[in-house]
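Inside the fold
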Amino acid sequence: MSAAIVEQLTAIVGSANVLTTGLDRYEVDWTRRYSGRALCVVRPANTSEVAAIVSWARRVGVALVPQGGNTGLVGGSVPRGGEVVVSLERLRHIGPVDALSRQVTVGAGVTIHDLHETARSAGLRYAVDFGARGSATVGGSVATNAGGINVVRYGMTRQQIVGVEAVLGTGEIVSHLQGLLKDNTGFDLASLLCGSEGTLGIVTAVRVRLVTEQPARVTALAGFDRVETAVEAMASLCRSLDTVDAAELMLDSGVELVEAAVGVSSPIPRAAAYLLVECSAHDDQSESLGTILESAPGLNDVAISVTPSQRDALWRLRDEHTPSINTLGPPLKYDVTVPIDRLAGFVSSIGRVVSDVAPSARTFVFGHAADGNMHVNVSGAVDRDDEVTEAVLRAVVAEGGSISAEHGIGVAKARWLHLNRSAVEIGAMRAIKAALDPDGIMNPGVLFAD
Ligand code: FAD
Ligand code: 2HG
Ligand code: ZN
């Protein structure tokens, strides 16, 4: 890499924050499927430095890859080759929690875990939560519009954002962090940047809403004879209780793999399908939850936990799916939504769709049942990647579903964007990209397959 580039970036962020060696953790994605060599990694300390980096990149014609915790699952957070990685890990500022508005402003590099702790210390809660909370950042979660386990009750990241500060691909700073709940003064740039996967600009700070922490939390693991009965029980729970925070579906194959890979064990006997349900409220919901589950057709057994350690043990069965599947080698990952009335049929049939084109592959299905969002992971597809992808994504679209529910398009799904978006929609997205990133330096190859 040219000494001039290092010198110019050093003038912006200081020599300790221009990294040219030992870049593996920035260059290889979480799954180890995607990787590329970066020109270098640059670690700005604040919004002005980010703006200076983007302006520099425009001047010299270098592409940028914004990176938070590098836990993204669609290959968008690592270089394809020859870009500068802009790591936001030093933007860790956490503002005071505003108890009146129940909001807080945090830097893009703050982890979801640290945001949870901040909210908790003020008796509040940040509603977005998922397994990668320890490393995933607020900036990355905004860039991907992350979902996670509590969407059924609180919505996705976009529903939590009340303001954003970002550097556009032009190098200009936009800052709209007042946190007004009602603010119809034209286009909502925060919503636009949310889910744009680093293709329009770099998020540097976010103002989020916090919700009331409900003191009584109950978690249940229920085993069912079939996927259909598990889905029916989920729907009945969500109809009857407005205190459901999470309703997750797991299958026997996934639970068996997790038990073998990490040594946790299910407190209930083996079942074809499992629902992991969590409710929280001011008063204890155990009785209502237990009554509904116990009268659900097809129930095999149920374990209900109210202590934090029992709860954690149940959640490990769910959270460890992704790491356990990765022990089999980098899988093909499909993060899809189907309408709820198609969910059981989709879950039961997608393994056959895969084995028809890749007979030796193993398919694992699990996910956020209440949102119709399933994670289809395929291991051992051996040289059949494109055929499997084509078959799975077309099956999703045939059910009226989406090829990306919460992880984004990244580079992994860019070639298939047209399955869900019309030429007019893609044209409008490209026009927005051209306006905010006129030189195409922001994460090229992500979202649009060029
Ligand atoms: P990165 O991986 O660093 O980046 C992701 C994308 O955002 C890239 O395109 C990158 O260029 C862009 N980006 C990052 N920071 C910025 C920024 N400041 N400004 C502009 N663009 C930026 N996701 C879910 O939605 N729900 C889940 O339940 C869930 N569970 C997961 C569990 C595990 C074990 C793992 C490994 C991942 C999981 N994910 C989940 C995916 C991932 O954690 C999320 O997509 C998360 O939001 C990514 O955050 P990050 O900081 O790691 O972003
Ligand atoms: C989850 O819900 C994540 O656990 C990851 O979204 C899903 O590994 C996956 O495919
Ligand atoms: Zn998920």
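Overview of the structure. These numbers come from a predicted model, not from an experiment.

**Side note on the side chain of E49**
With respect to the element layout, E49 can be found in helix α3 (residues 47–60). For E49, which is buried and forms no salt bridge, the nearest opposite charge comes from R90, at a distance of 4.4 Å.

**Details of unusual backbone geometry**
We note that E197 has phi near 55°; this positive angle belongs to a residue other than glycine. In this fold, E197 is placed in the loop between α7 (189–193) and β9 (201–209). A residue is classified by how much of its surface remains accessible, and E197, at 10% relative accessible area, is buried. Phi angles above zero are rare outside glycine, and N443 is one such case at about 50°.

**Brief notes about the pairing of strand β8 (residues 173–176)**
Note that strand β7 (residues 161–168) and β8 share 4 bridges and pair antiparallel. Looking at the pairing, V167 lines up with I173 of β8. Between β7 and β8, which pair antiparallel in sequence order, lie 4 residues; one of them, G171, sits at a positive phi of approximately 95°.

**So, the environment of V74**
Within the secondary structure layout, V74 lies in the loop between β3 (64–67) and β4 (83–87). Residue class for V74 comes out buried when judged on its relative accessible area of 6%. Counting along the chain gives 224 residues from V74 to G298, while the straight-line C-alpha distance between them is 36 Å. Excluding residues within four positions of it along the chain, V74 makes contact with Y34, E197, H407, G408, I409, G410, V411, A412 and K413.

Reading guide: rules and limits
Residues numbered from 1 in each chain as written. Chains lettered and ligands numbered in written order. Predicted model: local features only at pLDDT ≥ 70, side-chain atom pairs only at ≥ 80, totals over all residues. Heavy atoms only, no water. Helix = DSSP H or I, 4+ residues; strand = E, 2+ residues; numbered from the N terminus. Buried < 20%, exposed > 50% of the residue type's maximum accessible area, 1.4 Å probe, protein only. Lys, Arg positive; Asp, Glu negative; His and termini not counted. Salt bridge = Lys/Arg side-chain N within 4 Å of Asp/Glu carboxyl O. Pairing = 2+ DSSP bridges. Contact = heavy atoms within 4.5 Å.

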